[in-house]
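# Breakdown of the fold
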Amino acid sequence: MVENRERHSLSEVEVDLLAVRQKRDLSCFDLVSISQLKNRDLELIFEVARAFRDYKTYKFSFNKGFSQINAFFEPSTRTMASFDLAAKQLSMDTTSVSSSSSVSKGESFLDTVETLDSYNVKTMIIRSAESGVPEMAAKHTQASIINAGDGWHEHPTQALLDALTILDYFGGKSLRGKTVTIVGDIMHSRVFGSLVRILKKLGADVRIAAPLTLIPKSVEKFGVKWFGDIEAAIKDVDVIYALRIQSERGASGFIPTLREYSKMFGISRKRLDLAKPSAILMHPGPVIRDIDVHSALAALDPQSFILKQVENGMAVRKALLWLLADRLDGKVKEFRRL
Ligand code: ASP
(Lines give C-alpha, C1' and ligand atoms only; values in the text may rest on other atoms or scores of the structure.)
Protein backbone atom coordinates (compact mmCIF):
# COMPACT_ATOMS: atom_id res chain seq x y z
CA MET A 1 0.00 0.00 0.00
CA VAL A 2 1.34 3.43 -0.89
CA GLU A 3 0.54 6.00 1.76
CA ASN A 4 -0.51 9.39 0.46
CA ARG A 5 1.72 11.09 2.93
CA GLU A 6 4.53 13.42 2.07
CA ARG A 7 6.75 14.89 4.73
CA HIS A 8 6.40 18.65 4.56
CA SER A 9 9.19 20.92 5.57
CA LEU A 10 8.83 21.44 9.28
CA SER A 11 8.04 24.73 10.96
CA GLU A 12 10.17 26.07 13.82
CA VAL A 13 7.52 24.96 16.29
CA GLU A 14 7.55 21.42 14.89
CA VAL A 15 11.33 21.30 15.04
CA ASP A 16 11.00 22.28 18.71
CA LEU A 17 8.61 19.39 19.33
CA LEU A 18 10.90 16.92 17.56
CA ALA A 19 13.75 18.09 19.76
CA VAL A 20 11.66 17.33 22.84
CA ARG A 21 10.76 13.89 21.48
CA GLN A 22 14.40 13.00 20.70
CA LYS A 23 13.47 10.13 18.35
CA ARG A 24 11.79 8.26 21.20
CA ASP A 25 8.82 5.89 20.74
CA LEU A 26 6.41 4.29 23.16
CA SER A 27 6.97 0.66 24.14
CA CYS A 28 3.34 -0.20 23.19
CA PHE A 29 1.24 0.16 20.03
CA ASP A 30 -2.11 0.54 21.82
CA LEU A 31 -3.17 2.03 25.14
CA VAL A 32 -5.71 -0.13 26.92
CA SER A 33 -4.41 0.00 30.50
CA ILE A 34 -1.95 2.10 32.50
CA SER A 35 -0.20 -1.21 33.32
CA GLN A 36 1.18 -1.25 29.75
CA LEU A 37 3.20 1.92 30.32
CA LYS A 38 6.74 1.78 31.65
CA ASN A 39 8.10 4.73 33.58
CA ARG A 40 10.07 5.86 30.52
CA ASP A 41 6.78 5.88 28.52
CA LEU A 42 5.20 8.11 31.15
CA GLU A 43 8.14 10.49 31.00
CA LEU A 44 7.95 10.66 27.21
CA ILE A 45 4.19 11.32 27.20
CA PHE A 46 4.50 14.03 29.87
CA GLU A 47 7.45 15.77 28.20
CA VAL A 48 5.74 15.84 24.80
CA ALA A 49 2.40 16.89 26.34
CA ARG A 50 4.06 19.82 28.11
CA ALA A 51 5.59 20.93 24.82
CA PHE A 52 2.21 20.73 23.05
CA ARG A 53 0.70 22.76 25.89
CA ASP A 54 3.02 25.62 24.98
CA TYR A 55 1.42 25.78 21.51
CA LYS A 56 -2.26 25.33 22.37
CA THR A 57 -3.85 26.37 19.10
CA TYR A 58 -1.05 25.55 16.68
CA LYS A 59 -1.89 23.24 13.78
CA PHE A 60 0.84 20.61 13.48
CA SER A 61 1.44 18.62 10.29
CA PHE A 62 2.84 15.55 12.10
CA ASN A 63 -0.12 13.23 11.45
CA LYS A 64 -1.15 14.62 8.04
CA GLY A 65 -2.47 11.85 5.79
CA PHE A 66 -3.60 9.75 8.77
CA SER A 67 -7.20 9.22 9.89
CA GLN A 68 -8.88 8.53 13.20
CA ILE A 69 -12.19 6.96 14.18
CA ASN A 70 -13.81 7.99 17.43
CA ALA A 71 -15.94 4.97 18.35
CA PHE A 72 -17.93 6.13 21.36
CA PHE A 73 -20.52 3.47 22.20
CA GLU A 74 -21.28 5.35 25.45
CA PRO A 75 -21.84 9.10 26.04
CA SER A 76 -18.84 11.40 26.40
CA THR A 77 -18.17 15.14 26.44
CA ARG A 78 -14.57 15.92 27.44
CA THR A 79 -12.89 12.77 26.17
CA MET A 80 -14.63 12.74 22.81
CA ALA A 81 -14.23 16.47 22.15
CA SER A 82 -10.57 16.53 23.13
CA PHE A 83 -9.60 13.42 21.15
CA ASP A 84 -11.30 14.84 18.08
CA LEU A 85 -9.76 18.30 18.45
CA ALA A 86 -6.36 16.83 19.25
CA ALA A 87 -6.43 14.73 16.08
CA LYS A 88 -7.48 17.73 13.99
CA GLN A 89 -4.75 19.89 15.47
CA LEU A 90 -2.30 17.22 14.28
CA SER A 91 -3.86 17.48 10.77
CA MET A 92 -5.67 14.13 10.91
CA ASP A 93 -9.04 13.41 9.29
CA THR A 94 -11.57 12.18 11.84
CA THR A 95 -14.98 10.61 11.89
CA SER A 96 -17.19 9.30 14.67
CA VAL A 97 -19.52 6.40 15.33
CA SER A 98 -21.78 6.36 18.36
CA SER A 99 -24.05 4.13 20.39
CA SER A 100 -26.49 4.17 17.47
CA SER A 101 -23.95 2.23 15.35
CA SER A 102 -24.46 -1.32 14.05
CA VAL A 103 -23.76 -2.67 17.56
CA SER A 104 -27.27 -1.53 18.46
CA LYS A 105 -28.58 -3.64 15.55
CA GLY A 106 -26.92 -6.76 16.92
CA GLU A 107 -23.51 -6.70 15.22
CA SER A 108 -20.69 -7.84 17.52
CA PHE A 109 -18.17 -5.28 18.77
CA LEU A 110 -15.43 -7.14 16.96
CA ASP A 111 -17.21 -7.13 13.60
CA THR A 112 -17.91 -3.41 13.97
CA VAL A 113 -14.31 -2.66 14.95
CA GLU A 114 -12.82 -4.79 12.15
CA THR A 115 -15.12 -3.05 9.68
CA LEU A 116 -13.95 0.37 10.85
CA ASP A 117 -10.35 -0.80 10.79
CA SER A 118 -10.73 -1.67 7.09
CA TYR A 119 -10.78 2.06 6.37
CA ASN A 120 -7.05 2.01 7.15
CA VAL A 121 -7.32 4.41 10.02
CA LYS A 122 -4.24 5.00 12.12
CA THR A 123 -5.94 5.42 15.49
CA MET A 124 -9.25 4.21 16.86
CA ILE A 125 -10.52 5.66 20.13
CA ILE A 126 -12.98 3.32 21.84
CA ARG A 127 -15.40 3.95 24.70
CA SER A 128 -17.85 1.29 25.80
CA ALA A 129 -20.15 0.53 28.71
CA GLU A 130 -18.66 -2.99 28.70
CA SER A 131 -15.21 -3.72 30.12
CA GLY A 132 -12.70 -5.34 27.78
CA VAL A 133 -13.86 -4.04 24.39
CA PRO A 134 -10.67 -2.00 23.70
CA GLU A 135 -8.42 -4.87 24.82
CA MET A 136 -10.16 -7.31 22.49
CA ALA A 137 -10.16 -4.78 19.62
CA ALA A 138 -6.42 -4.09 20.02
CA LYS A 139 -5.56 -7.70 19.13
CA HIS A 140 -7.44 -7.57 15.83
CA THR A 141 -6.80 -4.12 14.34
CA GLN A 142 -3.92 -2.62 12.44
CA ALA A 143 -4.97 0.72 13.94
CA SER A 144 -3.67 1.70 17.36
CA ILE A 145 -6.49 1.38 19.86
CA ILE A 146 -6.83 3.89 22.67
CA ASN A 147 -9.16 3.04 25.52
CA ALA A 148 -11.37 6.07 26.18
CA GLY A 149 -13.09 4.35 29.13
CA ASP A 150 -14.42 0.79 29.21
CA GLY A 151 -17.13 -0.12 31.70
CA TRP A 152 -15.83 -0.39 35.26
CA HIS A 153 -12.29 -1.18 34.08
CA GLU A 154 -9.97 1.67 33.06
CA HIS A 155 -9.73 5.14 31.53
CA PRO A 156 -5.98 5.51 30.96
CA THR A 157 -5.87 8.93 29.28
CA GLN A 158 -7.80 10.40 32.21
CA ALA A 159 -5.11 9.07 34.55
CA LEU A 160 -2.34 10.48 32.34
CA LEU A 161 -3.85 13.95 32.39
CA ASP A 162 -4.46 13.70 36.13
CA ALA A 163 -0.88 12.65 36.81
CA LEU A 164 0.45 15.45 34.62
CA THR A 165 -1.71 17.96 36.54
CA ILE A 166 -0.45 16.74 39.92
CA LEU A 167 3.20 16.47 38.86
CA ASP A 168 3.23 19.97 37.39
CA TYR A 169 1.65 21.46 40.49
CA PHE A 170 4.13 19.91 42.89
CA GLY A 171 7.13 19.89 40.53
CA GLY A 172 9.50 16.94 40.13
CA LYS A 173 9.29 13.60 38.35
CA SER A 174 7.68 11.47 41.05
CA LEU A 175 4.97 11.71 43.70
CA ARG A 176 7.02 10.20 46.48
CA GLY A 177 6.00 11.74 49.79
CA LYS A 178 2.64 12.96 48.45
CA THR A 179 -0.69 11.62 49.69
CA VAL A 180 -3.74 11.46 47.45
CA THR A 181 -7.22 10.65 48.77
CA ILE A 182 -9.70 9.31 46.22
CA VAL A 183 -13.28 9.78 47.43
CA GLY A 184 -16.45 8.29 45.99
CA ASP A 185 -17.65 5.39 43.90
CA ILE A 186 -14.47 3.31 43.88
CA MET A 187 -16.34 0.14 42.94
CA HIS A 188 -17.78 1.24 39.58
CA SER A 189 -15.16 3.79 38.58
CA ARG A 190 -12.87 3.15 35.62
CA VAL A 191 -11.20 6.45 36.49
CA PHE A 192 -10.15 4.87 39.79
CA GLY A 193 -8.89 1.79 37.93
CA SER A 194 -6.37 3.82 35.94
CA LEU A 195 -5.67 6.53 38.54
CA VAL A 196 -4.62 4.16 41.29
CA ARG A 197 -2.23 2.37 38.91
CA ILE A 198 -0.52 5.57 37.78
CA LEU A 199 -0.33 7.07 41.28
CA LYS A 200 1.32 3.92 42.61
CA LYS A 201 3.77 3.86 39.65
CA LEU A 202 4.73 7.43 40.54
CA GLY A 203 5.23 6.55 44.20
CA ALA A 204 2.27 8.34 45.85
CA ASP A 205 0.54 7.16 49.02
CA VAL A 206 -3.08 6.51 48.11
CA ARG A 207 -6.06 6.58 50.46
CA ILE A 208 -9.62 5.74 49.45
CA ALA A 209 -12.72 7.06 51.15
CA ALA A 210 -16.19 5.65 50.50
CA PRO A 211 -18.93 3.63 52.16
CA LEU A 212 -17.80 0.01 52.48
CA THR A 213 -20.51 -0.94 49.98
CA LEU A 214 -18.64 0.98 47.25
CA ILE A 215 -15.27 -0.68 47.90
CA PRO A 216 -14.39 -3.70 45.74
CA LYS A 217 -12.81 -6.62 47.61
CA SER A 218 -9.82 -6.69 45.26
CA VAL A 219 -8.82 -3.12 46.10
CA GLU A 220 -6.19 -4.28 48.62
CA LYS A 221 -3.96 -5.48 45.79
CA PHE A 222 -3.22 -1.84 44.96
CA GLY A 223 -1.75 -1.13 48.41
CA VAL A 224 -4.25 1.60 49.29
CA LYS A 225 -5.71 2.41 52.69
CA TRP A 226 -9.51 2.51 53.11
CA PHE A 227 -11.22 5.13 55.31
CA GLY A 228 -14.93 5.05 56.16
CA ASP A 229 -14.60 8.47 57.75
CA ILE A 230 -14.05 11.32 55.30
CA GLU A 231 -12.52 13.72 57.84
CA ALA A 232 -9.79 11.21 58.78
CA ALA A 233 -9.26 10.36 55.10
CA ILE A 234 -8.47 13.88 54.00
CA LYS A 235 -6.61 15.18 57.05
CA ASP A 236 -3.29 16.71 55.87
CA VAL A 237 -3.37 15.19 52.38
CA ASP A 238 -1.95 16.86 49.27
CA VAL A 239 -4.68 15.99 46.78
CA ILE A 240 -8.39 15.25 47.15
CA TYR A 241 -9.75 13.47 44.08
CA ALA A 242 -13.56 13.21 44.06
CA LEU A 243 -15.43 10.69 41.92
CA ARG A 244 -19.04 10.74 40.73
CA ILE A 245 -21.52 8.10 41.90
CA GLN A 246 -21.96 6.00 38.72
CA SER A 247 -25.77 5.74 38.79
CA GLU A 248 -25.83 4.36 35.22
CA ARG A 249 -23.78 1.36 36.47
CA GLY A 250 -26.23 0.61 39.28
CA ALA A 251 -24.34 2.45 42.04
CA SER A 252 -27.53 3.85 43.56
CA GLY A 253 -28.24 0.36 44.88
CA PHE A 254 -25.09 0.62 47.02
CA ILE A 255 -25.93 3.83 48.96
CA PRO A 256 -28.96 5.00 50.97
CA THR A 257 -29.67 8.12 48.85
CA LEU A 258 -27.45 10.56 46.97
CA ARG A 259 -28.22 13.25 49.57
CA GLU A 260 -27.16 11.00 52.40
CA TYR A 261 -24.04 9.91 50.53
CA SER A 262 -23.20 13.57 50.02
CA LYS A 263 -23.62 14.33 53.71
CA MET A 264 -21.12 11.60 54.54
CA PHE A 265 -18.59 11.95 51.69
CA GLY A 266 -19.29 15.13 49.66
CA ILE A 267 -16.42 17.65 49.59
CA SER A 268 -17.35 20.93 51.28
CA ARG A 269 -15.20 23.97 52.13
CA LYS A 270 -14.95 22.78 55.73
CA ARG A 271 -13.71 19.38 54.62
CA LEU A 272 -11.28 20.77 52.05
CA ASP A 273 -9.74 22.87 54.83
CA LEU A 274 -8.75 19.68 56.65
CA ALA A 275 -6.26 18.89 53.89
CA LYS A 276 -2.91 20.71 53.69
CA PRO A 277 -3.28 24.45 52.92
CA SER A 278 -1.46 23.75 49.64
CA ALA A 279 -3.82 20.87 48.73
CA ILE A 280 -5.68 20.75 45.43
CA LEU A 281 -9.14 19.41 44.60
CA MET A 282 -9.61 17.31 41.47
CA HIS A 283 -12.51 15.57 39.70
CA PRO A 284 -12.65 13.86 36.28
CA GLY A 285 -16.04 15.39 35.42
CA PRO A 286 -18.89 15.49 35.00
CA VAL A 287 -19.20 17.03 38.48
CA ILE A 288 -22.57 16.54 40.09
CA ARG A 289 -22.62 19.79 42.03
CA ASP A 290 -23.61 19.58 45.68
CA ILE A 291 -23.35 15.80 45.64
CA ASP A 292 -19.66 14.96 44.90
CA VAL A 293 -18.36 18.48 45.44
CA HIS A 294 -19.96 21.58 46.94
CA SER A 295 -21.04 23.97 44.20
CA ALA A 296 -18.88 26.86 45.44
CA LEU A 297 -15.73 24.73 45.08
CA ALA A 298 -16.45 23.16 41.72
CA ALA A 299 -14.84 25.51 39.22
CA LEU A 300 -13.84 28.86 40.63
CA ASP A 301 -12.13 28.07 43.91
CA PRO A 302 -8.35 28.57 43.59
CA GLN A 303 -7.82 25.09 45.06
CA SER A 304 -10.01 23.51 42.37
CA PHE A 305 -7.91 22.11 39.51
CA ILE A 306 -10.85 20.64 37.60
CA LEU A 307 -10.53 22.92 34.57
CA LYS A 308 -6.75 22.57 34.59
CA GLN A 309 -7.34 18.81 34.25
CA VAL A 310 -9.51 19.44 31.20
CA GLU A 311 -6.82 21.63 29.64
CA ASN A 312 -4.16 19.01 30.26
CA GLY A 313 -6.43 16.44 28.60
CA MET A 314 -5.88 18.09 25.22
CA ALA A 315 -2.11 18.12 25.60
CA VAL A 316 -1.87 14.50 26.77
CA ARG A 317 -4.15 13.22 24.00
CA LYS A 318 -2.23 15.15 21.36
CA ALA A 319 1.02 13.66 22.66
CA LEU A 320 -0.39 10.15 22.58
CA LEU A 321 -1.83 10.49 19.07
CA TRP A 322 1.46 11.74 17.73
CA LEU A 323 3.53 9.09 19.50
CA LEU A 324 1.27 6.21 18.48
CA ALA A 325 0.46 7.26 14.91
CA ASP A 326 3.83 8.60 13.84
CA ARG A 327 6.34 6.01 15.06
CA LEU A 328 9.90 6.96 14.31
CA ASP A 329 11.38 3.47 14.80
CA GLY A 330 9.48 2.09 11.77
CA LYS A 331 8.03 -0.81 13.80
CA VAL A 332 4.52 -1.97 12.90
CA LYS A 333 1.85 -3.41 15.12
CA GLU A 334 1.12 -7.15 14.95
CA PHE A 335 -2.55 -8.12 14.75
CA ARG A 336 -4.70 -11.01 13.63
CA ARG A 337 -8.15 -10.84 12.02
CA LEU A 338 -10.59 -13.15 13.72
N1 ASP B 1 -15.84 11.02 32.62
C2 ASP B 1 -15.40 9.91 33.42
C3 ASP B 1 -15.70 8.59 32.75
O4 ASP B 1 -16.13 8.55 31.63
C5 ASP B 1 -15.92 9.98 34.82
C6 ASP B 1 -17.40 9.87 35.02
O7 ASP B 1 -18.17 9.76 34.05
O8 ASP B 1 -17.79 9.92 36.17
O9 ASP B 1 -15.49 7.57 33.35
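Just above, that's the structure.
Residues numbered from 1 in each chain as written. Predicted model: local features only at pLDDT ≥ 70, side-chain atom pairs only at ≥ 80, totals over all residues. Heavy atoms only, no water.

Time to look at the site of the ligand. Every residue close to the ligand is listed here: Arg 127, His 155, Arg 190, Val 191, Arg 244, Gln 246, Gly 285 and Pro 286. Arg 190 has a polar side-chain atom sitting 2.8 Å from an oxygen atom of the ligand. In this structure, a nitrogen atom belonging to the ligand sits 2.9 Å away from a main-chain N or O atom of Gly 285. Taken by itself the ligand offers 260 Å² of open surface, and the protein chains cover 92% of this. Of the residues that constitute the shell around the ligand, the class distribution is 2 nonpolar, 3 polar and 3 charged. (Near = heavy atom within 4 Å. Polar contact = N/O pair within 3.5 Å; in protein donor to acceptor, adjacent residues only side chain to side chain. Areas by Shrake-Rupley, 256 points an atom, 1.4 Å probe, with all protein chains shown as cover. Nonpolar A, V, L, I, M, F, W, Y, C, P; charged D, E, K, R; others polar.)

All right, on to helix α4 (residues 109-117) then. Most of α4 is tucked away: 7 of the 9 residues are buried. Considered for burial, the residues of α4 that qualify are Phe 109, Leu 110, Thr 112, Val 113, Glu 114, Leu 116 and Asp 117. On its buried side, α4 packs onto β1 (67-72), β2 (93-97), β3 (123-128) and α5 (133-139). (Buried < 20%, exposed > 50% of the residue type's maximum accessible area, 1.4 Å probe, protein only. Helix = DSSP H or I, 4+ residues; strand = E, 2+ residues; numbered from the N terminus. Contact = heavy atoms within 4.5 Å.)

Moving on, we get to helix α7 (residues 190-201). A rise of 1.5 Å per residue sets the reference length of α7, with its 12 residues, at 16 Å; its end C-alpha atoms lie 17 Å apart and thus fit the reference within 8%. Of all the 12 residues making up α7, 9 are buried; the element is thus mostly covered by neighbouring parts of the structure. For α7, the full list of buried residues reads Arg 190, Val 191, Phe 192, Gly 193, Ser 194, Leu 195, Val 196, Ile 198 and Leu 199. Two or three places before Val 191, at the start of α7, stands the capping residue Ser 189, its side-chain oxygen 3.2 Å from that residue's backbone nitrogen. (Expected span 1.5 Å × (residues − 1).)

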